[in-house]
Amino acid sequence: MESCIVSSQKYLLQDSFPLAKNVELALVDVLVQLVDECVTVPQAVVEILMGVYSRGSGSAGNNMATAVCQATQDRLQKHVARYFSEALQEALEFDESSDEDENDKEVGNEGRDDSDEDEDSRASGSISLRTLHIQIIRLAEAVPSLLTSVIPQLEPELESDSIPVRLLATRTLGKLFSMPPSGALESFASLHSHVWKMWLGRSVDKQLSIRLCWVEYAIKSLVQHKELETALIPPLASRAVDPDEHVRARLPELIATLDYEILRDRIPLKLFREIGQRGKDRRRIVRDQALDALGRTFSLAYADFDESTLYEKFNWIPGVVLSCHLTGSCDVTRSVIRSWESFIVPVSQPDVYAQRLYRVSCMLNENEHTILLHLTNLRLPRPVSYTHLTLPTT
């Protein structure tokens, strides 16, 4: 069996090859039969199948490996778990003995081709930690059931003293937890609750890059899995007051990229309220991101304000934006005016502008209305044109 699959390795690992579809299907069928009928699945066979997932997705070899794994998943599960257990342990020991700067460069080098990474790994006689994480992510997309005993093995990496290792684990688990629901399968967060709780703890990691990574995938997880809202909102809300301005700015920046349907159905009011408080932040980048996120959300929801639930969820936004002016800072006032004129009441045709201004003003309380009059100079008497009058002759 092993020799047969090893001889098929060149087809599995090539990105493309001239195989007719019926030949490809026949080869898959042979490999499936071999895996099912053998007494013990050789480790070399598992290494070949897993190696395919470090070379990119969508290739013919990848499709063949996926077909084999899907057809033999019950048989392969424990062997895949043992493969990752040994490979992760070896990679971790290697990373911990390597220079930290070199590791950081490796983890952060997202633009590098995965096949180059895999070539380096084979040349050194081992598989890099980053390559193993790539395999895990792609295997989760193709055959998630094979990872039942693999995900818990990533837990120690979340508590590693190595910053690159913690960052890589936070990113990989974030990608897994934020994957869209797959048929009848539960989400990875539900299946691995202990690892999920450990991952939530990275929201307060002392390293800035890890907190930034966590916020990104927490928002993606919230978008994909409504049931995770209860667990995600408290730590997300706390990132709105993070000691670092980049984290405080990152949260509204991500919110501002979401589609209206997501903002309407998935993002809870509590998170919008927290972002609203950042409109008074002393850092301009935070203020602008927060006010833009709120203003854009209001602008998208404005057309649906005839629906009472949406009106109640978003009608407070103009007032909160205006109230930021009360900080007394000219910089904050400039940010408020920019958001107001860009999103809340944008310049348009006079009749449309007047109608929107009137409707928005009806959403304001007395103090907010006073701020509006002050910032727009509407409290001052307006000049009247007398050009249309006929002056009396003497």
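Everything discussed here concerns the structure shown above.
Treat the numbers as computed from the prediction; the structure is a model and nothing was measured.

What am I meant to see in the packing of helix H14 (residues 208-224) against helix H15 (residues 229-239) here?
Two quantities define a packed helix pair, namely the angle between the helix axes and the distance between the axes. Two numbers describe how H14 lies on H15: the axes approach to 10 Å, and their chain directions differ by 145°. With respect to the hand of their crossing, H14 and H15 are arranged in left-handed fashion. Of the residues in H15, those in contact with Arg211, Trp214, Val215, Ala218, Ile219, Ser221 and Leu222 of H14 are Glu229, Leu232, Ile233, Pro235, Leu236 and Arg239. The residue makeup of the contact of H14 with H15, split by class, is 9 nonpolar, 1 polar and 3 charged.

Looking at this model, I keep getting lost on the pattern of salt bridges. Mind explaining?
Opposite charge on two side chains allows them to pair when their charged atoms are near. Going through the model one piece at a time under the given rule, you end up with 17 salt bridges. One salt bridge in this structure joins Glu253 and Arg250, with 3.3 Å as the shortest N-O distance. With Glu253 and Arg250 both in helix H16 (residues 245-255), this residue pair falls 3 residues apart, about one helical turn. Using a relative accessible area of 31% as the deciding quantity, one classes Glu253 as partly exposed. For Asp288, the salt bridge goes to Arg338, with nearest N and O atoms at 3.4 Å. Of this pair, Asp288 sits in helix H19 (residues 284-301) while Arg338 sits in helix H22 (residues 330-344); the two residues are 50 residues apart in sequence, bridging distant segments of the chain. With relative accessibility at 12%, the residue Asp288 sits in the buried group. Since its relative accessible area comes to 32%, Arg338 is described here as partly exposed.

So what exactly am I meant to see when it comes to the packing of aromatic side chains here?
One pair of aromatic rings is described through two measures. These are the centre distance and the angle between the planes. Throughout the structure, instances matching the rule amount to 10 aromatic pairs. Seen in terms of ring centroids, Phe298 and Phe305 are 5.3 Å apart; in terms of plane orientation they differ by 70°. Their pairing is edge-to-face. Assessed through its relative accessible area of 0%, Phe298 is described here as buried. If you follow Arg273 out to its NZ or CZ, it ends over the ring of Trp316, 4.1 Å from the centre. Taking NZ or CZ as reference, Arg356 lies 4.1 Å from the ring centre of Tyr302, over its face.

What is the right way to read the nonpolar core from this model?
Note that soluble globular proteins tend to have their nonpolar side chains buried in a common cluster. Counting 107 residues, the largest nonpolar core has Met50, Phe84, Trp199, Leu232, Leu236 and Ile255 as the members making the most contacts within it. Ranked by residue count, the leading element in this core is H14, at 9 residues. If we ignore the near neighbours within four places in the chain, the residues touching Leu232 are Trp196, Trp199, Leu200, Trp214, Ala218, Ser221 and Leu222.

How should I be thinking about the packing of helix H9 (residues 129-142) against helix H11 (residues 163-177) in this particular structure?
Where H9 meets H11, the closest approach of the two axes is 10 Å, and the angle between their N-to-C directions is 5°. When the axis of H9 is compared with that of H11, the two are roughly parallel. Contacts from Leu129, Arg130, His133, Ile136, Ile137 and Ala140 of H9 reach H11 at Val165, Leu168, Ala169, Thr172, Lys175 and Leu176. Looking at the contact of H9 with H11 residue by residue, the class counts come to 8 nonpolar, 2 polar and 2 charged.

Sorry, what's going on with the environment of Val223 here?
Tracing the backbone shows Val223 in helix H14. What makes Val223 buried here is its relative accessible area of 14%. Between the C-alpha atom of Val223 and that of Ser178, which follows or precedes it by 45 residues, the distance is 8.0 Å. Apart from the residues lying within four places of it in its own chain, the contact partners of Val223 are Leu258, Ile262 and Arg266.

Basis of the calculations
Residues numbered from 1 in each chain as written. Predicted model: local features only at pLDDT ≥ 70, side-chain atom pairs only at ≥ 80, totals over all residues. Heavy atoms only, no water. Axes fitted to C-alpha atoms, helices over the stretch in contact; angles between N-to-C directions. Helix = DSSP H or I, 4+ residues; strand = E, 2+ residues; numbered from the N terminus. Left-handed = near helix turned anticlockwise from the far one by under 90°. Contact = heavy atoms within 4.5 Å. Nonpolar A, V, L, I, M, F, W, Y, C, P; charged D, E, K, R; others polar. Salt bridge = Lys/Arg side-chain N within 4 Å of Asp/Glu carboxyl O. Buried < 20%, exposed > 50% of the residue type's maximum accessible area, 1.4 Å probe, protein only. Phe/Tyr/Trp six-rings, centres within 6.5 Å; stacked < 30°, edge-to-face > 60°. Lys NZ or Arg CZ within 6 Å of the ring centre and 35° of its normal. Core = buried A, V, L, I, M, F, W, Y, C linked by side-chain atoms within 4.5 Å. Parallel < 35°, antiparallel > 145°, perpendicular 65-115°, else oblique.

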